[in-house]
Amino acid sequence: MRQKSSKKGIMNKIKICFDDLRKVLRGSQKRITLVPHKNPDGDAIGSSLGMFLYLKKIGHDVCLISPTDYPEFLKWLPSSEEIILFSKDTKTFVEIRIEHSDYLFIIDFNVLSRMAPLDPLLHTAQAIKVLIDHHIDPMLFDLIFSDPIAPATAVLIFKFIEQMGHLDYIDQQIATCLYTGIVTDTGSFRFPSVTPETHRIAAKLLEKGVDIAYINTRLYGIHSEHRMNFLGKTLQNLKILPTYRTAYMVISASNLSTYQYRRGDTEGFVNYGLDIKDIVFSVIFIEEFEEGPIRISFRSRGDFDVNAFAKDHFQGGGHKNAAGGKSDGNLTETTQLFLDILPSYEHILSKDIISYR
């Protein structure tokens, strides 16, 4: 894979990408495979399904493959039953599909390592690789439609369809998928990345028949008793470090087992730390398996850059105020490493850095 480009180069590539794709997608039928990142969230699934339904609507042979399973609270989305999960049972099909695709759409992530265990297949695939994403510092794929200022990849999918001159193709199903991607990645329109344009796009999706009450109930209003008890236990163990204006939580593999964890059950837990007065940095460490990497989520308020923090210390990245990472140490070692690192950020974290624009 080539080296990442400069910002100016990326902006030029965006224009090339759209001009080329418009010609391709308005031509004869193409075999297109869409791939979101591993452990896909609401934006990854919503934007992928929105593009999947749109491409089918304009006559292409489309397949949507997820490297891993995704949360139950997203499995009501239109056509989610058509998502192929990569597993030992689907491995042969997935290999053949990727090998014979004309185009691979890389959605909501910008480095191939984020889609393990499919990354070896994508590295060797001869298909033209198209990036549609809003994360910082993308690798240079064959074609790029990227904007790190966009609050969600679903916004870019909407703008892509709009620039194709196909807003009339957005029906209630496509609109529901894209709205879900936007609402989940903007914290229900609460994050600083939200702009007037975000609300205008949301309004256009509502005009297509999106049922806000239904979406919010499915995303946020229906939880199992086990999950609520799990959240309560996690919050009981929340640690606050006033000197660093930081809160953190630790979840062990035994915790997950005790509360009958299902994928997605910890979604949003990390945000509770930022609800505490004067806290600007919130972190959660999750040991999904007794042996294996520790999954970490970082959130911040204001100018503290968790994307840089995750990249510098925990093999991760994402956005300025929301990022992820991992550690190859055990839970105790990882937590201690984090605590050892914090003092070097005291001069930043102790500042009055809360801002909303």
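Residues numbered from 1 in each chain as written. Predicted model: local features only at pLDDT ≥ 70, side-chain atom pairs only at ≥ 80, totals over all residues. Heavy atoms only, no water.

(A) View of the nonpolar core. In this structure, Leu 34, Met 51, Tyr 54, Leu 55, Phe 105, Phe 160 and Leu 205 are the most contacted members of the largest nonpolar core, which totals 54 residues. If we ignore the near neighbours within four places in the chain, the residues touching Tyr 54 are Phe 160, Ile 161, Met 164, His 166, Tyr 169 and Ile 174. Judged by nonpolar contacts, the second largest core, of 21 residues, contains Ile 296, Phe 304, Val 306 and Phe 309. (Core = buried A, V, L, I, M, F, W, Y, C linked by side-chain atoms within 4.5 Å. Buried < 20%, exposed > 50% of the residue type's maximum accessible area, 1.4 Å probe, protein only. Contact = heavy atoms within 4.5 Å.)

(B) Quick look at the state of the cysteines. Considering all chains together, one arrives at zero disulfides under this definition. With no disulfide partner, Cys 63 has as its closest neighbouring cysteine sulfur the one in Cys 177, 16 Å distant. For Cys 177, a relative accessible area of 0% translates into the label buried. (Disulfide = S-S within 2.5 Å.)

(C) Spotlight on the sheet that holds strand E6 (residues 143–146). Strand order in the open sheet formed by six strands is E3-E2-E1-E4-E5-E6, with parallel pairing between adjacent strands. Of all the strands in the sheet, the pair left with one neighbour each is strand E3 (84–85) and E6. (Pairing = 2+ DSSP bridges. Helix = DSSP H or I, 4+ residues; strand = E, 2+ residues; numbered from the N terminus.)

(D) Structural context of the packing of aromatic side chains. Tallying each qualifying case throughout the model produces 20 aromatic pairs. Ring centres 5.5 Å apart and planes at 10° place the aromatic pair Phe 230 and Tyr 259 in the stacked group. In this pair, Phe 230 sits in helix H9 (residues 225–236) while Tyr 259 sits in the loop between helix H10 (253–258) and strand E9 (281–286), placing the two residues 29 residues apart along the sequence. Geometrically, the ring pair formed by Phe 304 and Tyr 345 is edge-to-face, given 5.8 Å between the ring centres and 90° between the ring planes. Here Phe 304, found in the loop between strand E10 (294–300) and helix H11 (306–313), pairs with Tyr 345, found in the loop between helix H12 (331–341) and helix H13 (346–349); they are 41 residues apart in sequence, far enough to count as distant. Here Phe 304 and Tyr 345 have matching classes, each one buried. A connected cluster of aromatic rings, assembled from ring pairs, spans Tyr 248, Phe 281, Phe 285, Phe 298, Phe 304, Phe 309, Phe 314, Phe 338 and Tyr 345. (Phe/Tyr/Trp six-rings, centres within 6.5 Å; stacked < 30°, edge-to-face > 60°.)

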